[in-house]
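Summary of the model geometry
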Amino acid sequence: MARTGLAGAVRVARWADAVLGPGSAGATADGKATLSDPTAERAGADLGLSAAQIRAEWDTARLAGLVEVHGDSARPGWRLRAWDRDDSAVLRGWVALFDAWSLASPEPEEHEAAAVAEVVSAMPQVLSFLQLSAGPVPVVQLLDLLQQRVTELRTERCEVSYEPGTERSAAARVDPAPAVDTPLEPLLDWALRALAAVGALTYGDGQATLTPLGSWAVWVKLEQICVAAQSPAGNIEQSAEDMLRGCAQLRPNAARAEYRAWLAARPVGSAVTQLIDAARGEDALLRGLAFEALRVVGGPAEPDVHAVVDEPALRPYALLWLAEHDGADPEDAHEALTREEATWLWVDTAAAVADHGEAPMLVRHLESAVQPTVPQLLDEVRAVGHPRTVQVLVALAAAHPDPALAKAVRRAAFQVHTGG
């Protein structure tokens, strides 16, 4: 059903990818990644659609993530690339469109923006009621529910009605509210038509019914709210860096539950950006944990992970993530790394252990090196150029119980320190 609903948008996005090419000015004439008139007419001629239909499908493609806007250019999104092989990409694309239903159809111009915003804020409760009803619901009943929810929103903001000549509250003077008697019938009509346009419900004959796809989407949203409310370690309100630090001492399953709760409370794009920013810091432990959290994100993180492959500090982590995302067994994913990249990762992980672990853990970390002997490991560690090499070798020398090996490691640390 999601494939069918987005088929036209996919067709236009693929046409743009093939004919215009990534970043073509033909798709960004106004700096907002909308189609220029000549481009829309050309696409219409090629695809047998009107220019207006082309623009509508292009807007849908943007809202569904089939086309991504970067500055003043547009390029194919990861969902378009994964469309034929990944059902989850299709569903995520439709959910993105569902989330943007209020942008998919122009809002009524004759109504105040504040009133429109109230209706948009109230619609999740209306949709939840439709989902629980599991069948047609009279619009009159939905209107009553909408009016109740809007009244609650105004009460929460302590907005009070007033008569001319009476004193208004300070909050009302600063932030004018829509009139209490704003008619909601036309706004509800707009909202239901917009939701019908994205395939979330059917609307007609005085009633509305969620489609199976719409019911599923509402259920997913409710589940996300429940997950977010069950943050086991209480880090849901923290920044990415603080959340990762809070997860450092958790067992893997508990940490993943915390990642899911933290992610459920944020837009995916923003969450991924925060995690990658945390990975760029100096703390190697956070780098590893950030990519563990990105594994929980899954496919939506793929473009951002691809984008950091050329950053030396993140490259090994990104390559392992991408290998596992493409289906490699986690135990075999290391084959995606060169010997030098694997050595760099070994040093980075050792730095995390040295900073946050215990001495025996650092000694055991020797066993994970790809080099068959310690002398060979030391030679390659010296050559890899990791900024924490000296500290790692000094910590390893201090922790290792074998005096001869500890001496060799200290010598290697001295050579790196002096440039030898």
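Here goes a summary of the coordinates provided. Chains are numbered independently. Their residues run from 1 in the order of the written sequence. In keeping with the predicted nature of the model, local features appear solely for residues at pLDDT of at least 70, side-chain atom pairs appear and are counted solely at 80 or more, and the whole-chain, interface and lining totals rest on all residues. To get the side-chain values, take all heavy atoms of the structure and skip hydrogens and water.

**Here we look at the side chain of Arg154**
Mapped onto the secondary structure, Arg154 falls in helix α9 (residues 139-156). Residue exposure (1.4 Å probe, protein chains only): buried if accessible area is under 20% of the type maximum, exposed if over 50%, otherwise partly exposed. Residue classification places Arg154 among the buried residues on the basis of a relative accessible area of 8%. A distance of 2.9 Å separates polar atoms of two side chains, one belonging to Arg154 and the other to Glu118. Helix numbering and strand numbering both begin at the N terminus, where a helix is a DSSP run of H or I of at least 4 residues and a strand a DSSP run of E of at least 2. We define a polar contact as two N or O atoms separated by no more than 3.5 Å, with the added condition that, inside protein, one atom must be a possible hydrogen donor and the other a possible acceptor, whereas residues neighbouring each other in sequence contribute only through side-chain atom pairs.

**Brief notes about the environment of Asp332**
Tracing the chain through its elements places Asp332 in the loop between α18 (315-325) and α19 (339-356). Residues Asp332 and Leu320, spaced 12 residues apart in sequence, show a C-alpha to C-alpha distance of 9.4 Å.

**Examining the pattern of salt bridges**
Every case where a carboxyl oxygen of Asp or Glu lies within 4 Å of a side-chain nitrogen of Lys or Arg is listed as a salt bridge. The final tally for this structure, using the stated rule, is 18 salt bridges. With a shortest N-O distance of 2.3 Å, Arg55 and Asp37 are connected by a salt bridge. Separated by 18 residues along the polypeptide, Arg55 in helix α4 (residues 51-63) and Asp37 in helix α3 (residues 37-47) bring together distant segments of the chain. Residue Arg55 is classed as partly exposed on the basis of its relative accessible area, which comes to 29%. With a shortest N-O distance of 2.9 Å, Glu118 and Arg154 are connected by a salt bridge. Placement of the pair is Glu118 in helix α8 (residues 113-133) and Arg154 in helix α9, with a sequence separation of 36 residues. Note on Glu118: relative accessible area 4%, which makes it buried. Among the charged side chains, a network of salt bridges with common partners joins Glu241, Arg245 and Asp283.

**Notes on unusual backbone geometry**
Of note, Asp205 is a non-glycine position whose phi angle comes to about 55 degrees, a positive value. With respect to the helices and strands, the residue Asp205 is situated in the loop between β4 (201-204) and β5 (207-210).

**Considerations on helix α2 (residues 7-19)**
Expected span, for any helix, means 1.5 Å times one less than how many residues it has. In this model, α2 (13 residues) spans 18 Å end to end at C-alpha, consistent with the 18 Å of a helix rising 1.5 Å per residue. Three or more residues of α2 are buried, namely Ala9, Val10, Val12, Ala13, Trp15 and Ala16.

**A closer look at the pairing of β5**
Looking down a regular strand, the side chains alternate between one sheet face and the other. By definition, two strands form a pair when at least two bridges between them are found by DSSP. Judged from the two bridges that link them, strand β3 (residues 137-138) and β5 form a sheet pairing that is antiparallel. What sits directly across from Pro138, in β5, is Gln207. Across four bridges, β4 lies against β5 in antiparallel orientation. Among the inter-strand pairings, Thr202 is bridged to a residue of β5, identified as Thr209. Here β4 folds back onto β5, and the loop between the two strands holds two residues, one of which, Asp205, carries a positive phi near 55 degrees.

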